[in-house]
Structure formats: C-alpha cells, structure tokens
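Coordinates in review
Each chain is listed here by its residues.
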Amino acid sequence: MLTLFDFDASPNCLKTKILLKELGLTYEQRDMTRPELRGPEYRASFPTGQSPAIRDGELLLAESGAIALYLAQQHGRLIPEDSRRRALMYQAMFVEASLLAPTVGGQGLFGELYKPEAERNAARLAELREKAVRVGQILGELLGDKAYFAEELSIADIQMYSAVSKSLAGGVFGAAPQNLVAWCERMTARPSVKAAREEYVHYRASAEAAA
Ligand SMILES: N[C@@H](CCC(=O)N[C@@H](CS)C(=O)NCC(=O)O)C(=O)O
C-alpha cells in the first residue's frame, strides 16, 4: 500500500492529501515530527528532509509536484489529454513552484511572519509583502476567465490551492483578483479539499477562527 509521510502544519502535505482523495486512493499515513523529518533515518530515504513524501513499492518520492505528476499519470486522471491544456497545467505548476511558493511559503512571507517579531527582517518583510501582491495579480491574469488553470481541473489547481487559499485568508494578495477568489471558493467546495482540510488540526483551527 502507498505510504504518505505527512506533517500536520504543512500546506505542501495538504496538496498531496487533496490529490490522494481526489483520486480515491487508500494509503497508510505516517505522521512525522519536524525532528523526525530532519533526522538521519528519514533523510536516508528522502534527502530533502521535507514532507510530503510517499513510498510506493520500491519508489521513494518527495516534492509535492513530482508526487502529483507521478500519481496522476499512474491513475490517468487530472492531467489534460489535450496538449495545449497540458501545457497550461505545466505553466501553472512551474509558476506555483518558482514564484508563488518562494514568495509566500515557509522561505518567504509566511516564514518571515511566523518568526517572533524581534527576529523579523523588516526590509525583507516589506519586499515580500509587495511581491505577494504582484504575484496575486499575476495568478489572476494567468487564470483569466478560465474555471481552472488548465481550463479543466488538473493537478495544477491542487498544487496552487494550498498557498493561494492561505494567502487569500491572510490577506497578503491585497485587493485580490475576483476571478482568483472565485476559483479558490470553487476549490474549497470540492469534497476532496474539504476532507483533506478536516484532517489537519491547523486548517480546522483556521476554519473555526473564520466562523
Ligand atoms: N518544494 C517542496 C517543499 C516541501 C516543504 O517545504 N515541506 C515543509 C512542510 S510545508 C517541510 O517539510 N518542512 C520541514 C523542515 O523544513 O524542517 C514540496 O513542494 O514538496
């Protein structure tokens, strides 16, 4: 059986959980702590020392995007057959990994905001805040009038969802594009997304705080 190496506070693990639920796969979950992720045993299997990661038979695989491509291809779902749509999917996935995640992720704005106030770098924080607003605009333009980033639901939407939903909830996109807000609401309403969010203390807590 497939094993998911999971970490409760992780937006990256949320992506993989949504995908597993969207594909209807059964899996065994290993709940990891930060020291375990950084420990030699985990690093021997997954050199990045990060979650999510999966074990599928002989295959040990980390990086949410690689996991998404692997599982979607294996199950023949969530990757458009049409090559133009598939190209849009790749574009959105690369934008997520190269622009969105570094700007707002753990190494970016939210990483800086989670630091105790005295340890924050004010100049970097201001730069990241400004960049986050630009990234929100870019995502709105990439999405355009499409219902999903590749016109049909694909792994690109799942990859985008964690950081976009967190950014919108945290207000870091400023006056966020309405099409992006509507897309996020569509994604949040999906049973796979609802079920995945329910499994994380972190996301349950933010839903309770918003209610
Ligand atoms: N690019 C990676 C990022 C993974 C990542 O940053 N994982 C975080 C949790 S969200 C992690 O494992 N942090 C633990 C640590 O760095 O010690 C992906 O998409 O999977």
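A short tour of the structure in this document, coming up. (Residues numbered from 1 in each chain as written. Predicted model: local features only at pLDDT ≥ 70, side-chain atom pairs only at ≥ 80, totals over all residues. Heavy atoms only, no water.)

**Notes on the site of the ligand**
Short version of the rule: Here a residue is considered near a molecule or strand provided that any single heavy atom belonging to it is located within 4 Å of it. Within 3.5 Å is the distance limit for a polar contact, defined as a pair of N or O atoms, with the added protein rule that one can donate a hydrogen and the other accept it, and that residues adjacent in sequence qualify only through two side-chain atoms. Under the convention used here, a 1.4 Å probe and the Shrake-Rupley method define accessible areas, while residue burial counts only the protein chains that appear. By the criteria applied, helices consist of DSSP H or I runs no shorter than four residues and strands consist of E runs no shorter than two, each listed in order from the N terminus. For this classification, the nonpolar set comprises Ala, Val, Leu, Ile, Met, Phe, Trp, Tyr, Cys and Pro, the charged set comprises Asp, Glu, Lys and Arg, and every other residue, Gly included, is treated as polar.
Close to the ligand lie S10, P11, N12, K15, R34, L37, R38, Q50, S51, P52, E63 and S64. R34 has a polar side-chain atom sitting 3.4 Å from an oxygen atom of the ligand. A distance of 2.9 Å separates a nitrogen atom of the ligand from a polar atom in the side chain of E63. Protein chains shield 78% of the accessible area of the ligand, which is 510 Å² for the free molecule. Every element with two or more residues in the shell around the ligand is listed here: helix 1 (11-23) and helix 2 (34-38). Residue composition of the shell around the ligand, grouped by class: three nonpolar, five polar and four charged.

**Examining the pattern of salt bridges**
When the charged atoms of two side chains with opposite charge come close together, those side chains can pair. The criterion, for reference: Throughout this description, the term salt bridge denotes a Lys or Arg side-chain nitrogen within 4 Å of a carboxyl oxygen of Asp or Glu.
Throughout the structure, instances matching the rule amount to 10 salt bridges. Put simply, R85 and E151 hold a salt bridge, and the shortest N to O gap is 2.8 Å. Within this pair, whereas R85 is found in helix 5 (residues 83-104), its partner E151 is found in the loop between helix 7 (122-143) and helix 8 (155-170), the two being separated by 66 residues in sequence. Here E130 makes a salt bridge to R134, at a shortest N to O gap of 4.0 Å. With E130 and R134 both in helix 7 and four residues apart, this pair spans about one turn of that helix.

**Re the packing of aromatic side chains**
Defined as follows: Any two of the Phe, Tyr and Trp rings considered here, Trp counted by its six-membered ring, make a pair once their centres fall within 6.5 Å; the pair's planes then place it as stacked at under 30 degrees, edge-to-face at over 60, or tilted in between. Buried, partly exposed and exposed residues are distinguished by accessible area as a fraction of the type maximum, computed with a 1.4 Å probe on protein chains only: under 20%, between the cut-offs, and over 50%, respectively.
Tallied over the full model, the rule gives five aromatic pairs. On the basis of an interplanar angle of 65 degrees and a centroid distance of 5.9 Å, the ring pair of F5 and Y42 is categorised as edge-to-face. Linking F5 in strand 1 (residues 2-6) with Y42 in helix 3 (residues 40-45), this pair joins segments that are 37 residues apart in sequence. Comparing F5 with Y42, the two get one shared label, buried.

**Describing the environment of R38**
Residue placement: R38 occurs in helix 2. The class for R38 is exposed, based on a relative accessible area of 59%. Each C-alpha atom, one on R38 and one on Q50, is 7.6 Å from the other, the two residues being 12 residues apart in sequence.

**Observations concerning the sheet that holds strand 3 (residues 53-56)**
Selection criterion: Here, any two strands with at least 2 DSSP bridges between them count as paired. All axes are obtained by fitting lines to C-alpha atoms, using only the stretch in contact for helices, and the reported angles, taken between N-to-C directions, cover 0 to 180 degrees. Here, two residues are considered to be in contact whenever any of their heavy atoms come within 4.5 Å of each other.
If you trace the four strands from one edge of the open sheet to the other, you get 2-1-3-4, paired in mixed fashion. The open sheet has two edge strands with one neighbour each: strand 2 (27-31) and strand 4 (59-62). Taken over all neighbouring pairs, the strand axes of this sheet differ in orientation by 20 degrees on average, direction set aside. Note: strand 1 against strand 3, three bridges, orientation antiparallel. Looking across to strand 3, one finds that L4 is bridged to I54. Its contacts with the sheet put helix 1 on strand 1 and strand 2, and the angle it makes with strand 1 is roughly 150 degrees. Together, strand 1, strand 3 and strand 4 form the strand contacts of helix 4 (residues 64-75), whose direction differs from that of strand 4 by roughly 130 degrees.

**Details of the environment of K17**
Among the secondary structure elements, K17 is positioned in helix 1. You can call K17 buried: its relative accessible area is 0%. On a C-alpha basis, the gap between K17 and G171 in space is 24 Å, while along the polypeptide they are 154 residues apart. Setting aside residues up to four positions removed in sequence, K17 forms contacts with L4, D6, Y27, Q29, A196, E199 and Y200. Polar contacts involving the side chain of K17 include one to the side chain of Q29, which spans 2.8 Å. A polar contact of 2.5 Å, which involves the side chain of K17, links it to the side chain of E199.

**Describing the side chain of S64**
Residue position: S64 is located in helix 4. Note on S64: relative accessible area 7%, which makes it buried. Apart from the residues within four sequence positions on either side, S64 is in contact with N12, K15, T16, P52 and Q159.

Shape is all these values report; function is a separate question.
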